[in-house]
Amino acid sequence: MLLIRCPWCGDRDEVEFSYGGQAGVSYPDDPEALTDAQWAEYVFVRDNPRGPYAERWVHTNGCRRWFDTVRHTVTHEFLGEGS
Amino acid sequence: MEQHPDFLWRNPSPKWSYDVVIVGAGGHGLATAYYLAKNHGITNVAVLEKGWLAGGNMARNTAIIRSNYLWDESAGIYEHALQLWEGLSEELDYDILFSQRGVLNLAHTLGDVREGSRRVNANRLNGVDAEWLTPEQVKEFCPIVNVDPGVRYPVLGATLQPRGGIAKHDHVAWAYARGADRLGVDLVQGCEVTGFVRDGDRVIGVETNRGPIRAGAVALASAGHSSVLASLAGIRLPIQSHPLQALVSELLEPVHPCVVMSNHVHVYVSQAHKGELVMGAGIDPFNSYSQRGSVHVIEHQLAAALELFPIFGHAHVLRTWGGIVDVSPDASPIIGQTPLEGLYVNCGWGTGGFKATPASGWVYAHTIATGEPHVLNRPFGLDRFTTGALIDEHGAAAVAH
């Protein structure tokens, strides 16, 4: 069980949160200009590092707000706020 | 059970060069090596394993075998696997304890009933054995399932694949390993791939902790670590790595005659040959390479198991564990060439790779040996994420992603 720090509510059990995957993936500025391969990259491909990972969580059963954080994918240690 | 000999395969040091280097000595890697040698006569092959043979997901799965997937492409490859399973003990001259005790997929909602009925029809059209059972027939087939209509998610019916079942996963790995070794394949344990040797856009070998090894072709079969390895070659895969947990009870008298899976309350259970109840459920939601997950996932699947099987209230959890599964966007595998010549990938089996082991090795060996995909894995290339020809098996995968 992860202990996750919500920036607004403090440390809470993982069961209160939902996972949002990689942080900082923005919608393409001009989707029509993308090739099929670039669009596929945006839709289907995310980082999958063994190590620090900037990711999103939402405090579903709390304040219901989204936030970014950095977590190590082997130790599960939270390493600070994401970008 | 017969006594094993002390050693089933050699433990060679790597040579400096091979025709094919396979990265990962799990079930898929070992099966690939075996079929490269057996079907294609390519025996100058090494299987490199950073840990010990079959110590990853091959040692951590719940050993369920079935082929009742929805789409034609999946039915093709999983049914090929099932047919290979049916002859595998004889093929490898090793008892893999394949028990075709039947797999039930329970329906608990009207949506489940419709999806299950559709899948039975789709399976039959593809030559996959499938039946629709009423709750009474479910009870007859598996008497310990609670079909009381008064529970929160009553059993409204089930699909049954009579030819599905379980096998002894360790025996499968050992049988393929021995078979490959006898045909001349080097199984090299404690050999971690740390990089790739390139000649322009061609991969011509690997760097390892035991030195560089040249290869005519390099074939990844590294499941949850596929992204990490591919990134060493500068390739991004549409894969996310997650923990998938499972558990066993203590050894019990035979109480559970088949395999029961439930998408909706979400647990899958069989009873292993030795007697322990083997259970699994969905992945932990977060990305991880830690081979462990959170306890609330275990609690959830036990709650589901107790609602379906009140008799399990007397059982104790003996052990839980996790493996790292390589989840693809459409819950289907990725098997084929990469953008780099000489580098092949076989990953994305996610939560369901064990059942596919023989066919995965069969078609991957074909792809490596001929440079062209086998007809069964042609639809499963990396290019489908660009063309949009996905093979969406989230329903038939029977595991929440």
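What counts and what doesn't
All chains use their own residue numbering, which begins from 1 and follows the written sequence. Think of it this way: whatever chain is written first is A, whatever ligand is written first is 1, and the rest follow in order. Local features in this predicted model are restricted to residues whose pLDDT is 70 or higher, and side-chain atom pairs enter the listing and the counts only when it is 80 or higher, whereas totals over whole chains, interfaces and linings include all residues. With hydrogens and water excluded, all non-hydrogen atoms of the structure serve as input to the side-chain values. Only DSSP runs of H or I with at least four residues qualify as helices, and only runs of E with at least two residues qualify as strands; both kinds are numbered from the N terminus onward. Per-residue accessibility, obtained with a 1.4 Å probe over protein chains only, is compared with the maximum for each type, and a residue is labelled buried under 20%, exposed over 50%, and partly exposed between these values. Residues are treated as being in contact if the distance between any of their heavy atoms lies within 4.5 Å. Only the protein chains shown count as cover for residues, and the accessible areas themselves come from Shrake-Rupley with a 1.4 Å probe. His is not counted here, nor are the chain ends, while Lys and Arg score as positive and Asp and Glu score as negative. Charged side chains are reduced to one point each, which is NZ for Lys, CZ for Arg, CG for Asp and CD for Glu. Using a 1.4 Å probe, buried area is obtained as the accessible area two parts lose upon being combined, added over both of them. Salt bridges are defined as contacts in which a side-chain nitrogen from Lys or Arg sits within 4 Å of a carboxyl oxygen from Asp or Glu. Pairs of N or O atoms are called polar contacts if they sit within 3.5 Å, as long as, within protein, a hydrogen donor faces a hydrogen acceptor (for residues adjacent in sequence, only side-chain-to-side-chain pairs). We call a set of buried residues a nonpolar core when its members are Ala, Val, Leu, Ile, Met, Phe, Trp, Tyr or Cys and they connect through side-chain atoms within 4.5 Å of each other. Being paired, for any two strands, means DSSP has found at least two bridges between them. Axis definition: a line fit to C-alpha positions, over the contact stretch in the case of helices; interaxial angles, taken between N-to-C directions, run 0 to 180 degrees. Convention used here: angles under 35 degrees read as roughly parallel, angles over 145 as roughly antiparallel, angles from 65 to 115 as roughly perpendicular, and any remaining angle as oblique. Each crossing gets its hand from how the near helix is turned against the far one by less than a right angle, where anticlockwise is left-handed and clockwise is right-handed. Note on aromatic contacts: the rings of Phe and Tyr and the six-membered ring of Trp form a pair at centre separations within 6.5 Å, being stacked when their planes are under 30 degrees apart, edge-to-face when over 60 apart, and tilted otherwise. Both a distance and an angle decide whether a charge sits over a ring: NZ of Lys or CZ of Arg must be within 6 Å of the ring centre and within 35 degrees of the ring normal. Grouping into patches uses exposed residues only, defined as over 30% relative accessible area, and leaves out salt-bridged ones; the cut-off is 9 Å for like charges and 5 Å for nonpolar side chains (Val, Leu, Ile, Met, Phe, Trp, Tyr). Take the number of residues in a helix, subtract one, and multiply by 1.5 Å to get its expected span.

Helix and strand counts for chain A stand at 1 helix and 6 strands. For chain A, the succession of helices and strands along the chain, N to C, is β-β-β-α-β-β-β. Taking the principal axes of the C-alpha coordinates as reference, chain A spans close to 45 × 30 × 20 Å. A total of 83 residues make up chain A; the buried ones form 31% of that total. Considering only intrachain contacts with a sequence separation of at least 6, the fraction spanning at least 24 residues in chain A is 43%. Element-wise, carbon and sulfur atoms account for 46% of the exposed surface of chain A, whose accessible area totals about 4,900 Å². Seen as two clouds, the 8 positive and the 14 negative side-chain charges of chain A have centres 8 Å apart.

Looking now at the interface of chain B and chain A. Taken residue by residue, the interface counts 23 residues in chain B and 23 residues in chain A. When chain B packs against chain A, close to 2,000 Å² is buried across both sides, 53% of that on carbon and sulfur atoms. Three residues stand out in chain B for area buried against chain A, namely Arg-236, Phe-286 and Tyr-289 of chain B, and they jointly supply 30% of the buried area on that side. Connecting chain B to chain A are 2 salt bridges. A salt bridge links Arg-236 of chain B to Glu-41 of chain A, with the shortest nitrogen-to-oxygen separation between them at 2.6 Å. Counting across the interface, chain B meets chain A through 20 residue pairs in polar contact (both at pLDDT 80 or more).

All names here are of chain B. Counting 58 residues, the largest nonpolar core has Ile-22, Trp-85 and Tyr-176 as its most contacted members. Elements supplying a minimum of two residues to this core: strand 1 (17-23), helix 1 (27-40), strand 2 (45-49), helix 2 (72-92), helix 5 (169-182), strand 11 (213-220) and helix 8 (357-370). In terms of residue count, the dominant contributor to this core is helix 2 (8 residues). Those residues within four positions of Ile-22 in sequence are excluded, and the remaining contacts are Gly-29, Thr-32, Ala-33, Leu-36, Val-45, Ala-46, Val-47, Leu-48, Ala-219 and Ala-221. Among the nonpolar cores identified, the runner-up in size contains 28 residues, and Val-203, Ile-213, Ala-233 and Ile-239 belong to it.

Residues and elements named next belong to chain B. As for its placement among the helices and strands, Val-151 is situated in the loop between helix 4 (135-141) and strand 6 (157-161). On the basis of relative accessible area, Val-151 is assigned to the buried category, the value being 19%. Remark: the alpha-carbon pair of Val-151 and Val-113, spanning 38 residues in sequence, is separated by 17 Å. Here Val-151 is in contact with Asn-146 and Glu-307, once residues within four sequence places are set aside.

Here we take up the pairing of strand 6 (residues 78-81) of chain A. All names here are of chain A. Taken together, the 3 bridges between strand 5 (residues 66-72) and strand 6 define a ladder with antiparallel strand orientation. Each bridged residue has a counterpart across the sheet, and for Thr-69 the counterpart in strand 6 is Glu-81. Here strand 5 folds back onto strand 6 in antiparallel fashion, the turn holding 5 residues, of which His-76 has a positive phi close to 70 degrees.

This part covers the packing of helix 2 of chain B against helix 5 of chain B. In a pair of packed helices, the angle between the axes and the distance between the axes together describe the arrangement. All names here are of chain B. With their axes 10 Å apart at the nearest point, helix 2 and helix 5 run at an angle of 50 degrees to one another. The angle between helix 2 and helix 5 falls in the class oblique. When you trace helix 2 past helix 5, the crossing you get is left-handed. Contacts from Trp-85, Leu-88 and Leu-92 of helix 2 reach helix 5 at Val-172, Ala-175, Tyr-176 and Arg-178.

Mapping Leu-70 of chain B onto the fold places it in the loop between strand 3 (64-65) and helix 2. Put simply, Leu-70 of chain B and Gly-116 of chain B are 46 residues apart on the chain and 9.6 Å apart in space, counted from C-alpha to C-alpha.

Under the counting rule described, the total for this entry stands at 17 aromatic pairs over all chains. Centre to centre, the rings of Phe-17 of chain A and Phe-67 of chain A are 6.0 Å apart; their planes meet at 80 degrees, and the pair counts as edge-to-face. Highlighted residues: Phe-17 of chain A in the loop between strand 2 (10-13) and strand 3 (18-22) and Phe-67 of chain A in strand 5, separated in sequence by 50 residues. Here Phe-17 of chain A falls in the buried class, since its relative accessible area comes to 8%. The interplanar angle of 65 degrees and the centroid separation of 5.4 Å between the aromatic rings of Phe-44 of chain A and Phe-385 of chain B together place this pair among those described as edge-to-face. Of this pair, Phe-44 of chain A sits in helix 1 (residues 36-44) while Phe-385 of chain B sits in helix 9 (residues 384-387), placing the two residues on different chains. Its end group placed over the ring of Tyr-42 of chain A, Arg-46 of chain A keeps NZ or CZ at 5.7 Å from the ring centre. Above the plane of the ring of Tyr-153 of chain B lies Arg-152 of chain B, whose end atom (NZ or CZ) is 4.3 Å from the centre.

A grouping of Met-1 and Val-15 of chain A together with Val-295 of chain B is seen on the molecular surface, where their side chains present a nonpolar patch of about 250 Å² in accessible area. Inspection of the secondary structure assignment puts Val-295 of chain B in helix 7 (residues 295-308).

A few words now on helix 5 of chain B. Residue and element names in this part refer to chain B. Between the first and last C-alpha of helix 5 there are 20 Å, a value that for 14 residues agrees with the 20 Å anticipated at 1.5 Å per step. The buried fraction of helix 5 amounts to 11 of the 14 residues, a majority that puts the element mostly inside the structure. Taken together, the buried residues of helix 5 touch helix 1, helix 2, strand 8 (186-189) and helix 8. Note on helix 5: the residue one or two positions beyond its end, Gly-184, has a positive phi of about 105 degrees.

Function cannot be read off these values alone, since they describe shape.
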